[in-house]
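Coordinates in review
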Amino acid sequence: MNARNRFASSLLAALCLTACGGGGGDGGSTGSSGGASSGGGSTGEFSFSTQPRSAYARVDRMGQPVVATVLLHTEDKDHFNGTDPAEDGDFSALMLERLEELHTGLDDALIAKGITPCALDVCARQVVNKIIPDTLQLDLSKPDGFPNGRRFEDITVDRILSMALADTTTPGDCYGHPCDVHAFENLPNNPTRNESPFLAQFPYLAAPHPPP
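Presented here is a report on the structure given in the accompanying data block. Just so we're clear, the structure is a prediction, and the values are computed from it rather than from any experiment. (Residues numbered from 1 in each chain as written. Predicted model: local features only at pLDDT ≥ 70, side-chain atom pairs only at ≥ 80, totals over all residues. Heavy atoms only, no water.)

1. A short note on the overall build of the protein chain
Within the protein chain, the secondary structure is distributed over six helices and four strands. Taken from N to C terminus, the helices and strands of the protein chain fall in the order α-β-β-α-α-α-α-α-β-β. Looking at the protein chain residue by residue over its 212 residues, the buried ones come to 34%. (Helix = DSSP H or I, 4+ residues; strand = E, 2+ residues; numbered from the N terminus. Buried < 20%, exposed > 50% of the residue type's maximum accessible area, 1.4 Å probe, protein only.)

Here it is, written out as structure tokens:
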């Protein structure tokens, strides 16, 4: 059974029990099993390491940004970051618990902002479909833009929060806009774009801010 199906099954089981019965961690696992030096070739002004994969230790994974940050407690983040997406279903109960906590603490504020919160089972399905497993998904037959791929200009955190907290499955009004994956982007307190233009060539990112 794949991670998405395992996660969905676990969520449904947890929801039944509930109904019947009432981008990082702290960096503690940082390290490298290889040397600290980075050998490597150079392409123009950019240098790339040629060390084998075994020379590194993974401390974070960012297929879908803020999955661990939003949907897991601090004490569970390092464990999640150290596992593979195929095992994401093992964290389903923890994510459901965190999702319920977020709604308990934020639903009144969402309503005050004109956003309709989703019911817990609806939110869980939205998370399964778009966020779990923690891999970046791209369907070339569909328009690009997160959650289908990820462009630099995509406001990914707001879109994940929209899927986790707002009901995007039914027609509705969210701050004067349709309740969809862009619900949080439409709030006036959020920036709508990067403050510096992106480059048209590699590395495509805008130039860094100068030091103070």
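Picking up after the structure, the text goes on.
2. Considering the state of the cysteines
Joining two cysteines, a disulfide is a covalent bond between their sulfur atoms. Enumeration over the complete set of coordinates arrives at one disulfide. Here cysteine 118 pairs with cysteine 123 through a disulfide, and the sulfurs are 1.8 Å apart. With the S-S bond torsion at 100 degrees, the cross-link from cysteine 118 to cysteine 123 turns out right-handed. The same class applies to cysteine 118 as to cysteine 123, namely buried. (Disulfide = S-S within 2.5 Å.)

3. Remarks on unusual backbone geometry
A negative phi angle is the norm for most residues apart from glycine, just as the trans form is the norm for most peptide bonds. The omega torsion of the bond from phenylalanine 146 to proline 147 falls at 15 degrees, within 30 degrees of zero and hence cis. By secondary structure assignment, the location of proline 147 is in the loop between α5 (120–130) and α6 (156–165). Each neighbour pair has its own omega, and for phenylalanine 202 with proline 203 the value is 10 degrees, a cis peptide bond. Relative to the helices and strands, proline 203 is located in the segment after β4 (177–178). Positive phi is not limited to glycine here, since tyrosine 204 has a value of about 70 degrees. One can find tyrosine 204 in the segment after β4. Exposure remark for tyrosine 204: the relative accessible area of 38% places this residue in the partly exposed category.

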